[in-house]
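Listed below are the residues making up each chain.
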Amino acid sequence: MLSEFGGATFEPAEGAEWFGYDTVSTKEDFAERLAGLVEAAVDSGLAGFCFTQFTDTEQEINGPFSADRQPKLPVRELHEILTRTRAPGRGAS
């Protein structure tokens, strides 16, 4: 189980305090980065993962949902990314 797992932060305003793992500048970049993280976790054979910040909280703005619970991507796209299954022949059997 991967207990510390997270996404990317949209580039903060210059001088803004933030904490995150990576920055992206567009929704497309965010979707690509999130999909890559999920793919790596799922295909590794882990039993599962827990998203570090499901929603943004104060300075941690790296969740798939904003602090006011608005999705950063269309809900259908988030669902497709977050519920992908392991590729055949990848990870633990």
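Structure: see above.
None of these values were measured; they are calculated from a predicted model.

1. Considering the overall build of the chain
Step number 1: A count of helical and extended segments in the chain gives two helices and four strands.
Step number 2: Each helix (α) and strand (β) of the chain, taken in turn from the N terminus, gives the series β-β-β-α-β-α.
Step number 3: For the chain, the C-alpha radius of gyration of 14 Å lies close to 12 Å, the compact-globule estimate for 93 residues.
Step number 4: Here the C-alpha coordinates of the chain stretch approximately 45 × 25 × 20 Å along the principal axes.
Step number 5: A total of 93 residues make up the chain; the buried ones form 31% of that total.
Step number 6: Taking all contacts inside the chain whose residues are at least 6 apart in sequence as the whole, residues at least 24 apart take part in 55%.
Step number 7: Averaged over its 8 positive side-chain charges, the chain has a centre that lies 9 Å from the centre of its 16 negative ones.

2. Observations concerning the environment of methionine 1
Step number 1: Mapped onto the elements of the fold, methionine 1 is located in the segment before β1 (2–5).
Step number 2: As a C-alpha pair, methionine 1 and phenylalanine 49 span 48 residues in sequence and 5.6 Å in three-dimensional space.
Step number 3: Excluding residues within four positions of it along the chain, methionine 1 makes contact with Leu46, Ala47, Gly48 and Phe49.

3. As for the packing of aromatic side chains
Step number 1: Evaluated as defined, the whole model comprises two aromatic pairs.
Step number 2: Geometrically, the ring pair formed by phenylalanine 10 and phenylalanine 30 is stacked, given 5.3 Å between the ring centres and 20° between the ring planes. One end of the pair, phenylalanine 10, is in strand β2 (residues 9–10); the other, phenylalanine 30, is in helix α1 (residues 27–43), with 20 residues separating them in the sequence.
Step number 3: You can call phenylalanine 30 buried: its relative accessible area is 0%.
Step number 4: Centre to centre, the rings of phenylalanine 54 and phenylalanine 65 are 4.9 Å apart; their planes meet at 40°, and the pair counts as tilted.

4. Comments concerning the nonpolar core
Step number 1: Phe5, Phe30, Leu34, Val38, Leu73, Leu78 and Ile81 are the most contacted members of the largest nonpolar core, which totals 15 residues.
Step number 2: If you list the elements that add at least two residues to this core, you get α1 and α2 (75–82).
Step number 3: Looking at this core, the element that brings in the most residues is α1, giving seven residues.
Step number 4: Apart from residues lying up to four places away in sequence, phenylalanine 30 is in contact with Ala8, Phe10, Val24, Gly63, Pro64, Lys72 and Leu73.

5. Here we look at the pattern of salt bridges
Step number 1: Within this structure, the stated rule accounts for two salt bridges.
Step number 2: The residue aspartate 43 makes a salt bridge to arginine 84 at a minimum N-O spacing of 3.2 Å. In this pair, aspartate 43 sits in helix α1 while arginine 84 sits in the segment after α2, placing the two residues 41 residues apart along the sequence.
Step number 3: With a relative accessible area of 26%, arginine 84 lands in the partly exposed category.

Reading guide: rules and limits
Each chain has its residues counted from 1, following the order in which its sequence is written. Where local features are concerned, this predicted model is filtered to residues with pLDDT of at least 70; where side-chain atom pairs are given and counted, the filter is 80 or more; whole-chain, interface and lining totals use all residues. Where side-chain values are given, they derive from all heavy atoms of the structure, hydrogens and water being excluded. Comment: elements are numbered from the N terminus, with helices defined as DSSP H or I runs of at least four residues and strands as E runs of at least two. We compute the radius of gyration from the C-alpha atoms alone; for a globule the expected value is 2.2 Å times N to the 0.38, where N is the number of residues. For every residue, the accessible area (1.4 Å probe, protein chains only) is compared with the maximum for its type, and the residue is labelled buried under 20%, exposed over 50%, or partly exposed between those bounds. Contact criterion: two residues are considered in contact whenever any of their non-hydrogen atoms come within 4.5 Å of each other. Residues scored as charged are limited to Lys and Arg (positive) and Asp and Glu (negative), so that His and the chain ends carry no count. Here the site of a charge means atom NZ of a Lys, CZ of an Arg, CG of an Asp or CD of a Glu. Centres within 6.5 Å are what make two rings of Phe, Tyr or Trp a pair, Trp counting through its six-membered ring; a difference in plane orientation under 30 degrees is then read as stacked, over 60 as edge-to-face, and the rest as tilted. Each nonpolar core is a collection of buried residues, namely Ala, Val, Leu, Ile, Met, Phe, Trp, Tyr and Cys, held together in the definition by side-chain atoms within 4.5 Å. For salt bridges, the criterion is a side-chain nitrogen of Lys or Arg within 4 Å of an Asp or Glu carboxyl oxygen.

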